[in-house]
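Structure at a glance
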Amino acid sequence: MKAKRNTIQRQLILNGVRELNIHATAEQVYDHVVAKHPSISKATVYRNLGQMAESGELMNIGNLGGATHYDHNCHQHYHFLCEKCHRVFDVNTYFPDLCNQLTNQLTNMDGFEIREHHLDFVGLCRDCKSR
């Protein structure tokens, strides 16, 4: 994909995702950015988030509770998704040997060309479990 211009709006949105630091949804990013810059439109935020995820500046970590979540931390890592409060947590353990084994097996058995993978754990976070 060709590089996108680094517009002021794009930088505000990227900064918003970083400042929130919560695996934010597009709506959360919009609310954060519009509070400081009321002239930015919701369409601009949504469009730029999608473009930044597509270009690898952000990670689209999928849909939970009806909303796509974005991560500014783009290195390979896993996520835990709480099915009750819909928060997303980083899992700081990475299993490269297991990942390589699975990738090789899928490639050899089924002929897939795997370019990336994502592994999410779903359940109840500590707070929701204790309630």
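As shown above, the structure is provided for reference.
Model, not experiment: these values are computed from the prediction. (Residues numbered from 1 in each chain as written. Predicted model: local features only at pLDDT ≥ 70, side-chain atom pairs only at ≥ 80, totals over all residues. Heavy atoms only, no water.)

1. Observations concerning the pairing of strand β1 (residues 59-64)
Note that β1 and strand β2 (residues 67-71) share four bridges and pair antiparallel. Residue Leu64 lies in a different strand from β2, and its bridge partner there is Ala67. In this structure, the hairpin formed by β1 and β2 is closed by a connection of two residues, where Gly65 is found at a positive phi of approximately 70°. (Pairing = 2+ DSSP bridges. Helix = DSSP H or I, 4+ residues; strand = E, 2+ residues; numbered from the N terminus.)

2. Description of the pattern of salt bridges
Inspection of the entire model under this criterion finds five salt bridges. When the shortest N-O distance is used, the salt bridge between Lys42 and Glu27 registers 3.2 Å. Placement of the pair is Lys42 in helix α3 (residues 42-55) and Glu27 in helix α2 (residues 26-36), with a sequence separation of 15 residues. By relative accessible area, which is 36% here, Lys42 ends up partly exposed. With a closest N to O distance of 3.0 Å, Arg87 and Asp127 form a salt bridge. Remark: Asp127 occurs in helix α5 (residues 126-130) and Arg87 occurs in the loop between β3 (78-82) and β4 (88-91); sequence separation between them is 40 residues. Classification of Asp127 as partly exposed rests on a relative accessible area of 36%. (Salt bridge = Lys/Arg side-chain N within 4 Å of Asp/Glu carboxyl O. Buried < 20%, exposed > 50% of the residue type's maximum accessible area, 1.4 Å probe, protein only.)

3. Observations regarding the packing of α2 against α3
At their nearest, the axes of α2 and α3 sit 10 Å apart, and the two run at 130° to each other. Taken as axis vectors, α2 and α3 run oblique relative to one another. Pair α2 / α3 crosses with right-handed handedness. Between α2 and α3, the contacting residues are Ala26, Glu27, Val29 and Tyr30 on the first element and Lys42, Val45, Tyr46 and Leu49 on the second. Its residues assigned to classes, the contact of α2 with α3 shows six nonpolar, no polar and two charged. (Axes fitted to C-alpha atoms, helices over the stretch in contact; angles between N-to-C directions. Parallel < 35°, antiparallel > 145°, perpendicular 65-115°, else oblique. Left-handed = near helix turned anticlockwise from the far one by under 90°. Contact = heavy atoms within 4.5 Å. Nonpolar A, V, L, I, M, F, W, Y, C, P; charged D, E, K, R; others polar.)

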